[in-house]
Amino acid sequence: MIVDYKPQIEEQEIRQEIKDLQKQLVEMRRRLHQRPELGFQERITADLIAEKLREWGIEHETGIAKTGVVAIIKSSKSGPVLAIRADMDALPIQEKNDVPYRSQHDGIMHACGHDGHTAIALGTAYYLSQHRQDFCGTVKIIFQPAEEGPGGAKPMIEAGVLQNPDVDAIIGLHLWNNLPLGTVGVRPGALMAAVECFDCTILGRGGHGAMPEQTIDSIVVGAQIINAVQTIVARNVNPLDSAVVTIGKFNAGNGLNVIADTAKMSGTVRYFNPALKDYFGKRLEEIIAGICQSHGAKYELNYWRLYPPVINDAAMAELVRSVATEVVETPAGVVPECQTMGGEDMSFFLEKVPGCYFFLGSANGAKGLNYPHHHPRFDFDETALGMGVEIFVRCVEKINGEIDHC
Ligand code: NI
């Protein structure tokens, strides 16, 4: 997405005390960047988080859903419990950036910015712990493992992170190189799509390439299925409901004169409307079963749901939007056209409590910091770290007007 907006960093309303934290934020982010870890293996990461929280005298618990950490910051006044969620895992990618803080773990890289999310959450924890008189209620900071898969949000919820004290609302952000530094992408309702996946094997009957009458050609059956499933989006789903069906893998056959016995395909389904939850798996199977039956082939289908859609609560999205407008200092810096068919397991938290997930623009083309997420040269403008802390802190200070009074 191209947004025609030039950020004016010097105009941003970041308070001096958070500007003074910038050096520490960058240090923490780079330490994390050098030691990236895959989902549920974030031990060095969790140790660094715990080390900082201990140093700052912040109450916390470690080892939740394997490597998760939760910090609790109580203000001096009673009030709502707001959770802030940060994910902390990296990806199986070999870093190609030549920077002093490049990954020291072979084949693993923070190529999505979760190192930045962790640093922002830590900076927020530190600031709030130093300003307990400036907000009401309690802030719970959730450092979550394994967002990139298999998903750490659900096991953390099952481990009780939304209880004791019970969380009233939740916010979270993703550094976003699809938006320039100095912008915030936020909107009520659907922000990111549900993620569902499938594997299908077509069981035909192999044989000689010159004698098709003796066979059931799994490639021909598979090709018809690939074409037919396109009609799920084109002809079955309401055109006003955005959806994607992608078959990203199709493997069959070994010899040019051999009719393949089996064909395997795998794909992913994306959609925003939670009411479509049971639709795609059912429709996909109807199409596969019908085509297989017409050819005398059989099939094996595995269909599973990974993440539900990320749906923002209207009041919480308005809270973030109003705060972001103050911080980026111009309504043009707040971008509601920021939906993506990408997925996120923040959605599990948002199914349980009202909340808002938003994008913090972090690309800076002038510095070459505009590679896409999950690219081996991904990096972001670290100026966004302080902005993230400022936005989180302002949400904490402002939320009482939205939920409760203290
Ligand atoms: Ni990510």
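Residues numbered from 1 in each chain as written. Predicted model: local features only at pLDDT ≥ 70, side-chain atom pairs only at ≥ 80, totals over all residues. Heavy atoms only, no water.

Trainee: Could you give an account of the layout of surface pockets, with specific residues and numbers?
Mentor: Taken as a whole, the largest pocket holds about 360 Å³ of empty space. Lining the largest pocket we find 18 residues, and of these E147, E148, G343, E344 and H374 sit closest to its centre. Listed by contribution, the elements that provide at least two residues to the lining of the largest pocket are β5 (169-180), β8 (194-203), β12 (262-271) and β13 (298-307). Residue classes in the lining of the largest pocket are distributed as seven nonpolar, seven polar and four charged. (1 Å grid on protein atoms, 1.4 Å probe; cavity = no way out; pocket = protein on both sides within 12 Å on 5 of 7 lines; lining within 4 Å. Points joined across faces, edges and corners; volume = space filled by probe spheres on them. Helix = DSSP H or I, 4+ residues; strand = E, 2+ residues; numbered from the N terminus. Nonpolar A, V, L, I, M, F, W, Y, C, P; charged D, E, K, R; others polar.)

Trainee: Break down the domain arrangement of the protein chain for me, with residues and values.
Mentor: Here the protein chain is partitioned into domain 1 (11-191 + 310-403) and domain 2 (194-307). One C-alpha centre belongs to domain 1, the other to domain 2; they are set 38 Å apart. Taken residue by residue, the interface counts 18 residues in domain 1 and ten residues in domain 2. Carbon and sulfur atoms supply 71% of the area that domain 1 and domain 2 bury against each other, a total of about 850 Å² over both sides. Three residues, I311, M341 and F348, lead the burial of domain 1 against domain 2; their summed loss comes to 52% of the area buried on that side. Applying the counting criterion to the domain 1 and domain 2 interface returns zero salt bridges. Summed over the shared surface of domain 1 and domain 2, the result is two residue pairs in polar contact (both at pLDDT 80 or more). (Domains from an automatic or database assignment. Contact = heavy atoms within 4.5 Å. Buried area = accessible area lost by both parts, 1.4 Å probe. Salt bridge = Lys/Arg side-chain N within 4 Å of Asp/Glu carboxyl O. Polar contact = N/O pair within 3.5 Å; in protein donor to acceptor, adjacent residues only side chain to side chain.)

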